[in-house]
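# Structure at a glance
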Amino acid sequence: MGSADALHDLQQKQLEQNDDRTAPVNPLAPDEGRHVTLQEYWDKWYENPYPDVDVSYEWNNGILEAKPSSNAPQLDLGFWFLALLHQYVKTHDNAKLINMETGFVLTMEDAAEPSGIRKAVRKPDIGIILNSNPVSWGRVDQRSFAGVCDAVVEFLSDSTQVEVLRDTEEKRNDYALAGVQEYFILDPTGEHMHFYRLTPKGQYEEIEPDSREVIRSQLLPGLQFRLPDLYELPELEELALDEVYRGYVLLKYQAAVAAAAAETAARQHAEHQAAAETAARLQAEERLQALEAELARLRRRSS
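The present account deals with the structure reproduced in this document.

Conventions used here
Residues numbered from 1 in each chain as written. Predicted model: local features only at pLDDT ≥ 70, side-chain atom pairs only at ≥ 80, totals over all residues. Heavy atoms only, no water. Pairing = 2+ DSSP bridges. Helix = DSSP H or I, 4+ residues; strand = E, 2+ residues; numbered from the N terminus. Contact = heavy atoms within 4.5 Å. Axes fitted to C-alpha atoms, helices over the stretch in contact; angles between N-to-C directions. Expected span 1.5 Å × (residues − 1). Bend = angle between axes of the 7 residues up to and from the residue. Buried < 20%, exposed > 50% of the residue type's maximum accessible area, 1.4 Å probe, protein only. Polar contact = N/O pair within 3.5 Å; in protein donor to acceptor, adjacent residues only side chain to side chain.

## Observations regarding the sheet that holds strand 2 (residues 63-66)
Pairing in this open sheet of five strands is mixed, and the strands run 2-1-5-4-7 from one edge to the other. The open sheet is flanked by strand 2 and strand 7 (144-145), the only strands paired with a single partner. The strands touched by helix 2 (residues 38-45) are strand 1 (57-60), strand 2, strand 4 (103-109), strand 5 (117-122) and strand 7; relative to strand 1, the strand with the most contacts, the crossing angle is about 175°.

## Describing the pairing of strand 5
Across two bridges, the pairing between strand 1 and strand 5 is antiparallel. The partner of tryptophan 59 across the bridge, within strand 5, is valine 121. In terms of strand pairing, strand 4 meets strand 5 through six bridges, oriented antiparallel. Pairing of phenylalanine 104 across the sheet is with arginine 122, part of strand 5.

## Topic: the sheet that holds strand 11 (residues 204-206)
Sheet architecture is open: six strands sit in the order 3-6-8-9-10-11, paired in mixed fashion. At either margin of the open sheet sits one strand with a lone partner, and together these are strand 3 (95-99) and strand 11. Between one strand axis and the next, the sheet turns by 20° as a mean value, whatever way the strands run. As defined by bridge partners, strand 6 (residues 126-130) adjoins strand 8 (residues 151-155) across three bridges and the pair is classed as antiparallel.

## Looking at helix 4 (residues 161-178)
Across its 18 residues, helix 4 extends 24 Å between first and last C-alpha, which sits within 8% of the 26 Å expected from 1.5 Å per residue. Of all bends in helix 4, the biggest is about 35°, found at aspartate 167. Burial analysis of helix 4 places 14 of its 18 residues in the buried class, which makes it a mostly covered element. Among the residues trailing helix 4, glycine 179 stands out with phi positive, at a value near 95°.

## Details of the environment of serine 217
Mapped onto the fold, serine 217 is located in the loop between strand 12 (214-216) and strand 13 (224-226). Not counting residues within four places of it along the chain, the set of residues in contact with serine 217 comprises Glu182 and Leu223. At 2.9 Å, the side chain of serine 217 forms a polar contact with the backbone nitrogen of leucine 220.

Written out as structure tokens, the structure reads:
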């Protein structure tokens, strides 16, 4: 059985449980698996569906899917990577970011659907929208993105096998079909850490690290990061002085460090020069004293 079939079976079991009135309801997502139209989703379920339950739903071809909460290591890695992307976007000014609660529509060809088209609304943990994207982003009244993100980053959801397969198989396939150019899956365990780019054939291929374990984005020129850093999560100040990140992380901090280093070098040079001048003066004084002593000796001798 393939991974897609396994995901389908797990989802069917989940739906059967949701349809069984005796099955326990997830109090954090009481409407997980509910069938709603796309318009109903936008009207009621997209944003703050309950006054007293903090839950966010995505919409997958008519079914509500709750976005599960991340654990501490997943959040640490996700926010570290988000900070890295903020640095990149701030430096290059070639894209904008959406995250967590902002959704966009995936439209995919699917022969199994009567219309031949399947739709989903996904709320990526991080979405990247290039300035060259045909749909603009950034107005204060926008609560969803009407276009397709150019790149997506998901923090692995691993509470259940359904959630793992949703990120690693279903979303990967759907993002590719919808034309998302790069798809990154962040997993602090490393088991499901993946970095994909879309090929001209519309399929994802792994972005392979170079000999120094550096991953480079083709979509975002200059965005690069070292794989071990995704586990160690160095501070930005440390990354700023690393050649891998020097091109986009904390440029003002780098300039301040360089200025401080130049000032220190200038002060040390001045101190060295002053010390050399003092040593030269002392030597000159010692020679003068020696000459005066010799002159005095000669005078005594001649008298």
